[in-house]
Amino acid sequence: MSVHDLSAAARPNAPTTTYRYDEFDADFVRERVAEFREQVRRRLEGSLTEDEFRPFRLMNGLYLQLHAYMLRVAIPYGTLTARQMRCLADIADRWDRGYGHFTTRQNLQYNWPKLIDTPDILDALADVEMHAIQTSGNCIRNVTADHFAGVAADEIEDPRATAEFLRQWSSLHPEFSFLPRKFKIAVTGATHDRAAILAHDIGLRILKNDAGDIGYQVMVGGGLGRSPFIGKIIRDFLPRADLLAYLEAIMRVYNRYGRRDNKYKARIKILVHEKGIEAIRDAVEKEFASMDRSVFSHDPEEFTRIAAYFAPPPYESLPAVSATLRAARNDNPALDNFVAVNVSPHREPGYAIVTVSLKPIGGIPGDATSAQMRTLADASERFGFGELRVSHEQNIILPHVKQDDLPALWRILDAAGLATANAGLISDIISCPGLDYCSLATARSIPIAQEISKRFSDMSRQRRIGKLGVKISGCINACGHHHIGAIGILGLEKKGQESYQITLGGDPTFSAAIGEIVGPGVGAEQVPDVIEHLVDFYLAEREEKETFIDTWRRVGHARFKDALRREGEDGAYI
Amino acid sequence: MAAFKNPQILLASDLRDGEVMFLGASGWERDHRRARVALDAAAAAELEKIGHAEYASNHVVDVYLTDVEIEPDGVPTPLHYREKMRIKGPSVRRDLGKQATGA
Amino acid sequence: MALISDGRFVEDGWRRLADEEDLPKSGRIIVSLARLPHALEKLTPETSLGVLAPNTTEIDALATALPRLGLISIAFPAFADGRGFSLARLLRSAGFTGELRASGRLLADQYTHALGCGFDAIEIPDDLAARQDETQWRAARDAYSRTYQRGYISRGSILDARRKAAQ
């Protein structure tokens, strides 16, 4: 049977273009749930102390936060079926408080689960081929990928097959589950990096070499957190057949030599930084050369098996431009703006990629209610082959929508409060949960995002400002990616108060850069003013078609800094 | 032991459901207004001792003392903004957490 | 200390020799890595030799000794310090066929990892053994009918099962 026969695609809830568990995957996930159920039981009866239990609950995504436990559910490579999205909504209603939070690692977090309910939640997830395996802990985390995978016009190959291949290989790895620190892998198959691969422990970029073979450029040692680093190239071109063997070599070098004396120096980025990329490359290549490669001999056929699941859905043959859409846009300025801002070109004529913003003006970035999740599930079935994506920008993507259907889709989204036309604009803010939920946070993030969003609530002004990534973290761990925001905001504690440090010039793409600090921290209430001054300075200085980051690069950091000083009273702002 | 500066209460999280609790006069309370307040170092040490025992017997996790001030009505209020958050709930969702039930 | 082998607490047939103790004429003894060259030199044919190796040991330091060692015990300074798993894997790759032991505060929840990397036995302190009885170790050993990786030891390989199912 073909994976995507039309009858299956037409069936309600039928997943189409993503991986499906076979009996072995299904058994494995059920056994993981049973194991966790037993671990919880042993914790409650005292066979495991909290210090012993912690790494095991974390490896199943369960944290203890400020007000309650938090469960992080894996959404591998950010792809969801409608049925899975509905299950997430059901879990939110049954075991949580009717909402969930989509994260920068394409996962979903529940903020209020009970420890004693968690095994049942995991069983419910297993019913729809989902889990929380390795969404935390010092192990290989959920592998992320370009959220436009399979539909982007600039793509060499769908990165999700690689990500799924790695998901399986890394699940419950006997050797690499007790690493010095967490380990994050991201994959892109496109010429534009939408997965921030240079900010990951390993970044994989799918390439075609001169001979026409597909392989990977392998980057290692990127990462944010206390000491941010951009990944460095360790291998220019790795043939696909060697992928698992080569990653195993990297992991073994890291597991043996990564620092374990200080958790802030335990990521592979520090090993690469301290030893130098050449030394790490030598060690990895030596290990790689000495390995018994016969165990990997069936990797290519397994990859092919997995890749078949990611075949395109049965698109209709359509004209490249929809007359229906054009007419509707002329009649409806709100729809017109939505299409201009939130809709991206699709590789298939007549189709479009729709970004559904989870950043309503003044809202909590990344949060969705169970009702909104169901609306999105329904919409994906009606208009998009039942498939959804989660982006690392904390939005939801409908990857295959007919241009003809955009007006009808927009009406449904608008009615559900999901039609904010701000994708990529200043109010499309990435924000970690911060001190409103997180026990590691040193300051709140969400209220800062809300205030900035409200300050720029005029959508025509936002469009005039153009593409601008504002990213906010509530502590140095940088879950809100502040280092790679064109405007980054980091919440810290200063003299018993929340204080915010602002950086400029961060870039998450192939031209990756870490933002530079503008000056001393400011109080929460000053942040929107500072951002507004920076934006006004950019608008005054920009040349035609420049984005904020373009102008900042041309004009220079010093002048942005000076602008703030002049704008403030005697440097009072910064 | 650090010098005793302010009155203190003992916080913890319930192992089974994760909710924030406060050591009261006779066991754990879910409302900070019923927390037992240590007014000197010896009383704080006593709270900690009970907390350690409760941790060891797998009832609570993340047990620690936090500084408070005593309001005119006798209610202890944490001094630090982090613990102020913990006695209420998320500042961005006033409908959730302890604040939603009038705590 | 308690020793777990094949999901059971078993008697330890090996004795750890203190560095100041004389080498015995016979029996099964475990020496420190520092004493290994001396022990190899003076070893009687009636003695089986084992070594206690820190998890930072380089394979090269043991390579020539491997054929003469009956046991290698790898120290786990903390249960979450996973270096010992990679060292075990490297020792097996280097052809070591004797007993591999993980020694430290390992938890039953790590049993499949240890077995997967080539360990035969786990040595834990008595207080831990008192909390984690045989049934917990056996349940952990049997938790997974199949796992994804190839080249590691497990009850079953998902990839092999898939290939068989496809034939």
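(A) Just helix α4 (residues 82–95) of chain A, in detail. Spanning 14 residues, α4(A) covers 20 Å between terminal C-alpha atoms, matching the ideal 20 Å at 1.5 Å per step. Where α4(A) is buried, its residues contact β3 (79–81), β4 (99–102), β5 (108–110), α5 (118–127), α13 (370–383) and β14 (387–390) of chain A.

(B) Seen up close, unusual backbone geometry. All names here are of chain A. You will see that Ala478, though not glycine, has its phi angle at about 70°, which is positive. As for its position among the elements, Ala478 is in the loop between β17 (470–473) and β18 (487–494). At His481, a position not held by glycine, the phi torsion is positive, near 55°. Position of His481 relative to the elements: it lies in the loop between β17 and β18.

(C) Molecular detail of the domain arrangement of chain A. Residues and elements named next belong to chain A. Here chain A is partitioned into domain 1 (16–76 + 94–127), domain 2 (159–308) and domain 3 (430–567). A C-alpha centroid distance of 31 Å is found between domain 2 and domain 3. Each residue belonging to the side of domain 2 that touches domain 3 can be placed in one class, and the counts come to six nonpolar, two polar and two charged.

(D) Region of the structure containing the interface of chain C and chain A. Contacts between the two partners involve 33 residues from chain C, matched on the other side by 31 residues from chain A. Among the elements of the structure, α3 (83–93), α4 (111–116), α6 (134–141) and α7 (158–166) of chain C are those that each provide at least two residues to the side of chain C that touches chain A. By residue class, the composition of the side of chain C that touches chain A is 12 nonpolar, 12 polar and nine charged.

(E) Here's a closer look at the packing of helix α7 (residues 243–257) of chain A against helix α9 (residues 277–290) of chain A. All names here are of chain A. Direction vectors running N to C along α7 and α9 enclose 125°, while the axes themselves pass 8 Å from each other. In terms of orientation, α7 lies oblique with respect to α9. Here the hand of the crossing between α7 and α9 comes out right-handed. Judged by residue contacts, Ala245, Tyr246, Ala249, Ile250, Arg252 and Val253 of α7 engage Ile280, Ala283, Val284, Glu287 and Phe288 from α9. Counted by class, the contact of α7 with α9 contains nine nonpolar, no polar and two charged residues.

(F) Broad picture of the sheet that holds strand β1 (residues 2–5) of chain C. Residue and element names in this part refer to chain C. Spatially, β2-β1-β8-β7-β6-β5-β4-β3 is the arrangement adopted by the eight strands of the open sheet, whose pairing is mixed. Only two strands of the sheet have a single neighbouring strand rather than two, namely β2 (8–10) and β3 (15–16). Bridge count for strand β4 (residues 27–32) against strand β5 (residues 47–53) is six bridges, and the pairing is parallel. Pairing of Ile29 across the sheet is with Leu49, part of β5. In this fold α3 packs onto β6 (71–76) and β7 (99–104), with an angle of close to 160° to the strand it touches most, β6.

(G) The arrangement of the interface of chain A and chain B in detail. Taken together, the contacts link 20 residues of chain A with 20 residues of chain B. Grouping the amino acids of the side of chain A that touches chain B by side-chain chemistry returns 12 nonpolar, two polar and six charged.

(H) Region of the structure containing the sheet that holds β14(A). Residue and element names in this part refer to chain A. Taken in spatial order, the five strands line up as β3-β14-β15-β12-β11 in an open sheet, and their pairing is antiparallel. Two strands lie at the open edges of the sheet, namely β3 and β11 (343–345), each paired on one side alone. Neighbour to neighbour, the strand axes of the sheet diverge by 30° on average, direction disregarded. One ladder, built from two bridges, connects β14 with strand β15 (residues 396–402); its direction is antiparallel. The residue of β15 that forms the bridge with Arg389 is Ile397.

(I) Region of interest: the environment of A:Thr509. All names here are of chain A. Tracing the chain through its elements places Thr509 in the loop between β19 (497–504) and β20 (516–517). Overall, the presence of 16 C-beta atoms within 10 Å leaves Thr509 in the partly exposed class. As a C-alpha pair, Thr509 and Ser445 span 64 residues in sequence and 23 Å in three-dimensional space. Setting aside chain neighbours within four positions, we find Thr509 in contact with His192 and Asp193.

(J) Broad picture of the arrangement of the chains. If you rank the two pairs of chains in contact by how many contacts each has, first place goes to chains A and C. One finds no contact between chain B and chain C; the C-alpha atoms of the two approach each other to within 13 Å at their closest.

(K) Focus on the confidence of the model for chain A. Looking at chain A as a whole, the pLDDT averages 94, with 96% of positions reaching at least 70. Confidence drops under a pLDDT of 50 for residues 1–15 of chain A, and excluding neighbours within four residues, the segment shows 24 contacts in the predicted structure.

(L) Seen up close, the pairing of β7(C). All names here are of chain C. Relative to β7, β6 is paired through six bridges, and the arrangement is parallel. When the bridges of β7 are listed, Leu71 appears paired with Glu99. Taken together, β6, α3 and β7 form a β-α-β motif whose crossover is right-handed. Across three bridges, β7 lies against strand β8 (residues 121–124) in parallel orientation. Following the sheet pairing, Ser103 is matched in β8 by Glu123.

Rules and cut-offs
- Along each chain, residue indices are assigned from 1 in the same order as the chain's sequence is written.
- Labels follow written order: the first chain is A, the first ligand is 1, and so on.
- Local features in this predicted model are restricted to residues of pLDDT 70 or higher, and side-chain atom pairs are both shown and tallied only at a pLDDT of 80 or more, whereas totals for entire chains, interfaces and linings draw on every residue.
- Strands here mean DSSP runs of E at least two residues long; helices mean DSSP runs of H or I at least four residues long; both are numbered from the N terminus.
- Given a helix with a known number of residues, its expected span is that number minus one, times 1.5 Å.
- It is the C-beta atoms, placed from the backbone, that decide contacts: two residues are in contact if theirs lie within 7 Å.
- Each domain's extent was defined by an automatic or database domain assignment.
- Put simply, Ala, Val, Leu, Ile, Met, Phe, Trp, Tyr, Cys and Pro go in the nonpolar bin, Asp, Glu, Lys and Arg in the charged bin, and everything else, Gly too, in the polar bin.
- Note on definitions: angles span 0 to 180 degrees between N-to-C directions of axes, and those axes are lines fitted to C-alpha atoms, for helices only across the stretch in contact.
- Every angle not falling under 35 degrees, over 145, or within 65 to 115 is termed oblique; those three ranges are roughly parallel, roughly antiparallel and roughly perpendicular.
- By definition, any crossing whose near helix is turned counterclockwise from its far helix by less than a right angle is left-handed, and any crossing with a clockwise turn is right-handed.
- A strand pair is defined by DSSP finding two or more bridges across the two strands.
- Here a residue counts as buried when 20 or more other C-beta atoms sit within 10 Å of its C-beta, as exposed when there are 12 or fewer, and as partly exposed otherwise, the C-beta atoms being derived from the backbone.
- The pLDDT value expresses, per residue, how confident the predictor is, ranging between 0 and 100.
- Crossover handedness is defined by viewing with both strands directed away from the observer: a clockwise path from the first strand over the helix to the second marks the crossover as right-handed.

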